[in-house]
Amino acid sequence: MCGIVAYIGPSDALPVLLDGLRRLEYRGYDSAGLALLNPGGIEVRKAVGRIANLATEIEKFPIRGQAGISHTRWATHGAVTRDNAHPHADQSGKLHLVHNGVIENYQSLREQLQERGHIFHSQTDTEVLAHLVGEAFDRSTSRDGAALIEALRQALRQVIGTYGISVIHAEVPGLIVGARRGSPLVLGIGKHEHFLASDVSAIVAHTREVVYLNDYEIVAIQAEGFEISTVSGTGADFQVSKVEFTAESVDKGQFPHYMLKEIHEQPNSVRDAMRGRLSIEEATAKLGGLNMTNAELRAVDRVILTGCGTALHSALVGEYLIESLSHIPVECEFASEFRYRNIPLDRDTLVFVISQSGETADTLAALRESQRKGHRTLGICNNVASTIARESDGGVYMHAGPEIGVAATKSFTSQLTIFALLGLLLGRIRHLSHSDGRDIIAEMEKLPDLVARTLELETQVAAIAKKYARANNFLFMGRQAHYPVALEGALKLKEISYISASGYPSAELKHGVIALVTEETPSVFIAPQDAVFEKNLSNIEEVKARKGPVIAIGTEGDTSLRKVCDEVILIPDAPVYLSPILSVIPLQMLAYHIANELGCDVDKPRNLAKSVTVE
Ligand code: M6R
């Protein structure tokens, strides 16, 4: 949800900022802009649309500077126009600011500023913040860095909402200030140069030494140093961290899209989710990050899983996996509902929030609400230094590596792998015997190879995608743990191909959905060989009786599906608690190839952004 990159140092800031923005484009791509400080003052360039448009604008009207701030926008306040693109200036025109987040009280602040003679040129909340900081700076008698930092403090004390910001001022060359509350901001430490960014992927090509800022912290960077303080004016403790991944891991490599690359990374990401977490000796999973003793885990009598979008779908699969392995009741709740619903929680309920980015506003709010009620609340996150990872009482990292494609893929299968680990751990301190545990571990260890074999189906899936890409509506159906996989398959197709698609439990067909079945409406059934296979088959027959085309995902060796279905994709056999990790892969590939066939922008779908840091 908007991306910020700022640079100060001896190099030309422009290529650093443009490259950083391209890497952050997944966070929003409605418009982009930058402001560079040079001896002549500050120059600004903006463009509606992608970073490529901004680059074209700069080719036409070149600028240079050794310090600058930049932004790629996902619109919240005000239409997608050049005037609403960041950076925004203050009343003097000398201060420029980029912002990620939402200033909730911007209307009243704007009216107060207008009464004091301020004139606004955009409909954004951000411009109000720029005017507030500029006004406070102009009240100051000094014109130095300390005055700019103090002005920022004064302004931030007046705002209600969330922000990750970077600010430059023409009268204070050699300094960039930033601050965060609720929207991520990371400081990159280089040799004689410093960076600010919404995400390390924007700066990892230049430095792997970073400081993840905390809420209410202010950072001031110069070429030769940095200073971190708080909005209230005190000093702040900080820790320098080393980024785990390299610049190469945030490149597309040989793949045309991040989504396809990430789909193909799944044998490794699933392996990495399990790495070091299976104990053959004790026949259980080891999840030290939970920060819970076996006695504490033994006392858990209910589990709540919450998240948004794909993370919620993974939770719904997790409900089946954890219940089947541990026999502990599990419930799932959209984080956006959980945060406002006063859900009764018993003392021994364990709450998990699930988020790839670790920054999703609704999921973060659910975490805080659960903690406020005194519940131990754990996180399942991919982004190691994210707000959710840092605020939760413990948890499990996915270790999936950066996921850049807006459509979540490898994070989903990593989350399912973690739920299987969790089910094993909770089950082993209850009814599962040592040999049960050993059997489950043996099955889990086969998983990366099974995922790799499933990926070999791509040529077949691509051909099916080509055949059905022009359909206007798709139905996805499955039973038990494959029902949420159907939801996920439908979501993938919707978000990247804009084809209407919905997911249902197969048996719901006759309760209304069957009215949608026509010769032009493909139904995708996830029907592996399991206890409900025959039931699924009957539902498939019902669709075929109405001439609806059926694409079925079955198990290798199956011979019944071919007799009824138009297309059959056979995935490797796996136990029920692992099979959703395989069955979702053809659906990811189907969505990808359909979107590609239709010429859609797979990695940056319409109206979306990778991490949703606003409510
Ligand atoms: O970063 P998170 O896992 O918290 O993100 C949650 C959803 O916004 C995300 O899964 C979204 O639904 C994806 N675009 C789905 O592909």
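The coordinates are above.
Engineer: What exactly am I supposed to notice about the layout of surface pockets here?
Structural biologist: Empty space among the atoms becomes apparent when a probe as large as a water molecule is rolled across them. Quantified by volume, the largest pocket comes out at close to 790 Å³. If you go around the largest pocket, you meet 40 residues; those closest to its centre are V200, Y212, N383, V384 and A385. By residue class, the composition of the lining of the largest pocket is 16 nonpolar, 13 polar and eleven charged. Looking at the lining of the largest pocket, you find at least three residues from each of domain 1 (3-250) and domain 2 (252-454). Estimates place the volume of the second largest pocket at around 530 Å³. Those elements that place two or more of their residues in the lining of the second largest pocket are α9 (309-326), β19 (349-355), α11 (361-372), α13 (410-428) and α16 (482-497). Grouping the amino acids of the lining of the second largest pocket by side-chain chemistry returns twelve nonpolar, ten polar and four charged.

Engineer: Mind showing me how you'd approach helix α7 (residues 266-274) here?
Structural biologist: Spacing of three or four residues puts side chains on the same side of an α-helix, whose turn is 3.6 residues. Among the residues of α7, those classed as buried are Q266, P267, S269, V270, A273 and M274. The secondary structure elements touched by the buried residues of α7 are α6 (258-264), β15 (278-279), α13, α14 (434-455) and α19 (579-597). Following α7 by one or two positions, G276 adopts a phi angle in the positive range, close to 70°.

Engineer: Whenever I open this one, the packing of aromatic side chains confuses me. Can you help?
Structural biologist: Going through the model one piece at a time under the given rule, you end up with three aromatic pairs. The interplanar angle of 50° and the centroid separation of 5.2 Å between the aromatic rings of Y7 and F195 together place this pair among those described as tilted. Of this pair, Y7 sits in strand β1 (residues 3-8) while F195 sits in strand β10 (residues 194-197), and the two are 188 residues apart along the sequence. For the pair Y7 and F195, one class covers both residues: buried. Centroid distance F226 to F238: 5.3 Å. Interplanar angle 65°. Geometry classified as edge-to-face. Of the two residues, F226 sits in strand β13 (residues 225-230) while F238 sits in the loop between β13 and β14 (241-242), which places them twelve residues apart along the sequence. Between the NZ or CZ atom of R606 and the centre of the ring of Y498, over which it lies, the distance is 4.0 Å.

Rules used in this analysis
Residues numbered from 1 in each chain as written. Predicted model: local features only at pLDDT ≥ 70, side-chain atom pairs only at ≥ 80, totals over all residues. Heavy atoms only, no water. 1 Å grid on protein atoms, 1.4 Å probe; cavity = no way out; pocket = protein on both sides within 12 Å on 5 of 7 lines; lining within 4 Å. Points joined across faces, edges and corners; volume = space filled by probe spheres on them. Nonpolar A, V, L, I, M, F, W, Y, C, P; charged D, E, K, R; others polar. Domains from an automatic or database assignment. Helix = DSSP H or I, 4+ residues; strand = E, 2+ residues; numbered from the N terminus. Buried < 20%, exposed > 50% of the residue type's maximum accessible area, 1.4 Å probe, protein only. Contact = heavy atoms within 4.5 Å. Phe/Tyr/Trp six-rings, centres within 6.5 Å; stacked < 30°, edge-to-face > 60°. Lys NZ or Arg CZ within 6 Å of the ring centre and 35° of its normal.

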